[in-house]
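In case you want the letters, here they are:
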Amino acid sequence: MWLRVHVAEWETPYRQLIYWFVAALAFFVAISTVLWFGGFAGVPFAFLAAFVLVVSWLILLLLGLKAAWVRRREPRKALCAGAAPVGAFGLALALALPTTWAVAWAFDWAFFLSNHASYREVVRLTEEGRFDASVGEHQEHEGIMFLLDAGPPRRVAFPMPGGFLDNWSGLIYDPTGEVMLADGFDSETGEFAAPERITKLFYGDIVSCRHMLDSFYNCSFT
């Protein structure tokens, strides 16, 4: 059984820790992927992944401490065996958020670039008045779902995968760029930092936006 590791192999338990560290990064990538596609439905998976990682790390820590105790007369080897799991865990924690953010960022760009031409076509038809802006619900054109703001100016929102209830993300076409005024909450008042004419676009509350390309912005709603 893999738990029966010879103490001699744990003089420097790097191999097992490297396996665990790579598995941790893989879990972070998987968590970010599930959350991006499934929204809050991915939260249970995230908790399960965290549980598995912590339990497996505790096993490695116990094995390392056991090796450290056996090698207690050799301080350097004992310190290495006991401290290595702690160092690996700290490094994994430090990389958790950057990894999940990087994966989400990559998916955002991949989704946007793969649909950019279709978005431009919807925007063009919208500006020609081909769609009814008074319809307060999702519309579709050749498989592309979108929402229209009556304006002026005429803005278009393209929902992205994921989301939960009224929490969702979307790519917004805004020729004015004013959606960038959405920047979280005011620390003093607790209200949205942006004016209501921005936060209330598309029948939701825009929390924040970041620029993509041209007049397209990636915005989060709550």
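Summarised in this report is the structure supplied together with it.

1. Regarding the pattern of salt bridges
Part 1 of the reasoning: Tallying each qualifying case throughout the model produces nine salt bridges.
Part 2 of the reasoning: We note a salt bridge from Arg155 to Asp149, for which the minimum N-O separation is 4.0 Å.
Part 3 of the reasoning: The class for Asp149 is buried, based on a relative accessible area of 16%.
Part 4 of the reasoning: Salt bridges sharing common partners tie together Asp149, Arg155, Asp174, Glu178 and Arg197.

2. Side note on the state of the cysteines
What we call a disulfide is simply a covalent bond connecting the sulfur atoms of a pair of cysteines.
Part 1 of the reasoning: Scanning all chains against the criterion turns up one disulfide.
Part 2 of the reasoning: There is a disulfide in this structure between Cys209 and Cys219, and the S-S distance comes to 2.0 Å. Sign of the S-S torsion, about 115° for the bond between Cys209 and Cys219, identifies this disulfide as right-handed. Residue Cys209 is found in strand S5 (residues 206-211), and its partner Cys219 is found in strand S6 (residues 216-221); the two are separated by 10 residues along the sequence. In this structure, Cys209 and Cys219 share a single accessibility class: buried.

Quick notes on the rules
- Residues numbered from 1 in each chain as written.
- Predicted model: local features only at pLDDT ≥ 70, side-chain atom pairs only at ≥ 80, totals over all residues.
- Heavy atoms only, no water.
- Salt bridge = Lys/Arg side-chain N within 4 Å of Asp/Glu carboxyl O.
- Buried < 20%, exposed > 50% of the residue type's maximum accessible area, 1.4 Å probe, protein only.
- Disulfide = S-S within 2.5 Å.
- Helix = DSSP H or I, 4+ residues; strand = E, 2+ residues; numbered from the N terminus.

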